Structure formats: C-alpha cells, structure tokens
Amino acid sequence: MKNISVIGSGTMGNGIAHVFAQFDYKVNLIDINQTALDQAIQTITKNLDRQIAKGTLTEDQKSATLTNITTYTSIKEGVQNADLVVEAATENIDLKLKIFKELDELAPEHTILASNTSSISITQIASVTHRGEKVIGMHFMNPVPVMKLVEVIRAYQTSDETTKAVMALSQNLEKTPVEVNDYPGFVANRILMPMINEAIYALYENVAGVYEIDTVMKLGMAHPMGPLQLADFIGLDVCLAILKVLHDGFGNPKYAPCPLLVNMVTAGKKGVKTGEGFYKYTAGTKELVVSDKFKKS
C-alpha cells in the first residue's frame, strides 16, 4: 500500500496525513472545505517545524513530507487510486455511514476502508458496504505525530488478511498497533471515558475543584494530564458523544453522561477548541487557568 487517502482535515485527519506523508506514502487529503484544507497544511507545516526544532527531522524531510500531500475537495477524485482510505470525519454515525457508502462505490475494489472513529461500531459501518471484509478501524491517538498507539478494530466482517495488512502498515509508521474486537468504546475509550465522566461528577457534586481533581490524578496516579484537562484537550463534545455511544451500546447507567458535561457542551464550552472548558485557553500561553465558572469564591 503506497497511496493513502484521508477524509477529513481536522485535528485527527491532518495528523494522520502528516504521519503517512512523513513515511513517504503518497497522501490525498480530502475535505469539502478548501479553507479547512489550507489550514490543515499550515498546521502540518508548523508541526514539521516543531520536529525540526527538536532535531528529529531535517528541512529536506519536511519538504518531502509536504510534497507527498495533495489536497482535494472531491471524494471521487481523492480516492480513485487509493490502496487505503482512512476516514477521520466528525464523530457522527449518520455522516460516517454516508461516507462509507460513497467510498464503497468510488474506491477501487482492492481498497481497504478504515475509520478513525473513537467509539462507533465498525461492524455497523462495514454493513453499509459490499466489502465488509475490507473494512476496519484505525483509531489513532491525538496528537497523531507523537502518540505511538493505534487501536486496530476488527469488525465482525473483517478478514484476517485485512487485519494483518493494517497491523503491518501501522508498524511501518513506527506505531504500536493493538488488535481489539468491535464493542462500544473499544478498549481505550471504554476505560478512559468513565474515568473522565467520574471526574466531572466529582466536580459537579462539589467533592473538589478543577485544579484539585486534576492534581490528585497527576500526582497520585502518575497521569501526565489530569482528567478534566484531558477532557478539554479531547473536546467535551467528543467526550459526550462517546459516552452516549457507550450508554446506548451497553444500556448500563454507569455510562450515563454527567449533567454538567451535557450543559457545558450545550453552552458551547467544548474545551481547547472553543477557548474554554474546565480551563480557559489563551493563544500564546501554556499557563493553566481554571474557568471563571469553576473558580472558588
């Protein structure tokens, strides 16, 4: 597999495109919005410059990486020569099913279709195609150029051949692939999201403040980032969507989203992406400042 198409140029999509291109794969980055594509290339360029500053990349490698990426606003044009398509669109089941129906019609017969979904059923996604054996999950971690893990999720229909190919491909990217089966939340988010939700409940029930909860988990459990800061980083809307998938999928009340999380997303406080969640985020500063909403009087 040398020709890779990535659908969606947001945080995950541009990170996935960056990594494939850096390892000399030809990447078609696809988004319906040209402005979003331009922003994605700017983000990739900044991240490559960061690697150069750290001494892990050369200027020539940066140039080669950027040369390997071509942008498209048309799925049809962007997947016509793809060996692998990685879908990294918004975490919305209806949108993903629509995309995979299109991909099944437009991509070559040999093409493997992968989703970067963090929780949605790969089996359900595969069911809307005529190549279920070639559909698989590739759940990269954020930030993609830095994080080593790839959760490789087998749908009920996924063949051994497809799984082996994607596991080997992930290793070619110097990632560590872990094969898991297709159940709500897979492994990473089935374990992570209830922890984040419980941290939000601890805040909601006034057990402790934002800073205090995160400090306990960082210093007491050796987590590099507290669960509330991590939720902001992931996106509170994404956390809510995953918890809903877990709650619907298992029918277990332990996965019910905290009302505080629901209210924050409804109010548009989604974390880093909106400039405020449990913390406030100002461009150019790394200082953690608790949101005014949660500051102790």
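Owing to the predicted nature of the structure, the values given are computational and were not obtained by experimental measurement.

What helix H12 (residues 259-266) keeps buried is the set Leu260, Leu261, Met264 and Val265. What you see down the axis of H12 is that its buried residues fit within an arc of 130°, all on one side. Along H12, the residues that are exposed and aim more than 90 degrees away from the buried face are Asn263 and Thr266. Of the surrounding elements, those touching the buried residues of H12 are helix H8 (188-204) and helix H11 (236-250). Of the residues trailing H12, Gly268 is marked for its positive phi of about 85°.

Before going further, it helps to examine the UniProt feature "binding site: NAD(+)" (unreviewed entry) in the chain. According to UniProt, the "binding site: NAD(+)" (unreviewed entry) feature falls on Gly8, Ser9, Gly10, Thr11, Met12, Gly13, Asp31, Glu91, Lys96, Ser118, Asn142 and Lys273. As for the annotated residues named above, the ones lining the second largest pocket are Glu91. With respect to the element layout, Lys96 can be found in helix H5 (residues 93-106). Once residues lying within four places of it in the same chain are set aside, the contact partners of Lys96 are Glu87, Ala89, Thr90, Glu91, Ser115, Thr117, Ile120 and Ile125. Sequence-distant contacts of Lys273, that is, excluding residues within four places in its chain, are made with Gly235, Asp237 and Val238. At 2.9 Å, the side chain of Lys273 and the side chain of Asp237 are in polar contact.

This next bit is on the sheet that holds strand S7 (residues 149-154). Read across the sheet, eight strands follow the order S3-S2-S1-S4-S5-S6-S7-S8 without closing on themselves; strand pairing throughout is mixed. Looking along the sheet, the strands with just one partner apiece sit at the ends: strand S3 (69-72) and strand S8 (176-181). Strand-to-strand twist across the sheet, computed as the mean angle between neighbouring axes with direction ignored, equals 25°. Looking at chain direction, S7 and S8 are connected through six bridges and run parallel. Bridge assignment links Arg154 to a residue of S8, and that residue is Asn181. Where helix H1 (residues 11-22) meets the sheet, its contacts fall on strand S1 (3-7), strand S2 (26-30), S3, strand S4 (84-87) and strand S6 (135-140), and the angle it forms with S2 comes to roughly 165°. Of the strands in this sheet, S2 and S3 touch helix H2 (residues 34-53), which is tilted by about 160° from S3.

With the rule as written, the count across this model stands at five aromatic pairs. Judged by centre distance (5.5 Å) and plane angle (90°), the rings of Phe20 and Tyr25 are edge-to-face. Judged on exposure class, the residue Phe20 and its partner Tyr25 are both buried. Ring geometry for Phe278 against Phe294: centres 5.6 Å apart, planes inclined by 35°, an arrangement best described as tilted. Here the residue Phe278 occupies a position in the loop between H12 and strand S9 (279-280), and Phe294 occupies one in the segment after strand S10 (289-290), the gap between them amounting to 16 residues.

Each domain of the chain was delimited in the assignment, giving domain 1 (3-181) and domain 2 (189-294). Computed from C-alpha atoms alone, the centre-to-centre distance between domain 1 and domain 2 is 27 Å. Each partner contributes residues to the interface: domain 1 has seven residues there, and domain 2 has five residues. Of all residues in domain 1, Ser118, Ser119 and Asn142 give up the largest surface area on contact with domain 2, accounting jointly for 64% of the area buried on that side. In this structure, the connection of domain 1 to domain 2 is made through zero salt bridges. Linking domain 1 with domain 2 are one residue pair in polar contact (both at pLDDT 80 or more). When the residues that make up the side of domain 1 that touches domain 2 are grouped by side-chain class, the tally is two nonpolar, four polar and one charged.

Together, Lys46, Arg50, Lys54 and Lys286 make up a region of like positive charge exposed at the surface. In this fold, Arg50 is placed in helix H2.

The rules behind the values
- Starting from 1, residues in each chain are numbered consecutively following that chain's sequence as written.
- This being a predicted model, a pLDDT of at least 70 is required before a residue's local features are given, and a value of 80 or more before pairs of side-chain atoms are given or counted; all residues contribute to the totals for chains, interfaces and linings.
- Just so you know, side-chain values use all the structure's heavy atoms and leave hydrogens and water out.
- Burial classes: relative accessible area under 20% of the type maximum marks a residue as buried, over 50% as exposed, and values in between as partly exposed (1.4 Å probe, protein chains only).
- Each helix is a run of DSSP H or I of at least 4 residues and each strand a run of E of at least 2, with the numbering of both proceeding from the N terminus.
- Arc definition: directions from the helix axis to the C-beta atoms.
- The contact criterion used throughout is that any non-hydrogen atoms of two residues lie within 4.5 Å.
- UniProt positions are given in the numbering used here, feature names are shortened, and annotations may be inferred rather than shown by experiment.
- Only protein atoms enter the 1 Å grid, on which a cavity is a set of points fitting a 1.4 Å probe that cannot get out and a pocket is an open set with protein on both sides within 12 Å along at least 5 of 7 lines, lining residues being those with an atom within 4 Å of a point.
- Under this definition, polar contacts are N or O atom pairs within 3.5 Å; protein pairs additionally need one hydrogen-donor-capable and one acceptor-capable atom, and for neighbouring residues in sequence, both atoms have to be side-chain atoms.
- Between any two strands, at least two bridges found by DSSP are needed for them to pair.
- Interaxial angles span 0 to 180 degrees and are taken between N-to-C directions of axes, which are lines fitted to C-alpha atoms, for helices over the stretch in contact.
- A pair of Phe, Tyr and Trp rings is counted when the ring centres sit within 6.5 Å of each other, with Trp represented by its six-membered ring. The angle between the planes then sorts it: under 30 degrees is stacked, over 60 is edge-to-face, the rest tilted.
- Each domain's extent was defined by an automatic or database domain assignment.
- Defined in terms of a 1.4 Å probe, buried area is the accessible area two parts forfeit on being brought together, summed over both.
- Any carboxyl oxygen of Asp or Glu that lies within 4 Å of a side-chain nitrogen of Lys or Arg is treated as forming a salt bridge with it.
- Think of it as three bins: nonpolar holds Ala, Val, Leu, Ile, Met, Phe, Trp, Tyr, Cys and Pro, charged holds Asp, Glu, Lys and Arg, and polar takes everything else, Gly as well.
- Patches draw on residues past 30% relative accessible area with no salt bridge. Two like charges within 9 Å are joined, as are two nonpolar side chains (Val, Leu, Ile, Met, Phe, Trp, Tyr) within 5 Å.
- Here the Shrake-Rupley method, with its probe set to 1.4 Å, supplies the accessible areas, and only the displayed protein chains count as covering residues.
- The charge count includes Lys and Arg as positive and Asp and Glu as negative, but it does not include His or the ends of the chains.
- Lys charges are placed at NZ, Arg charges at CZ, Asp charges at CG and Glu charges at CD.

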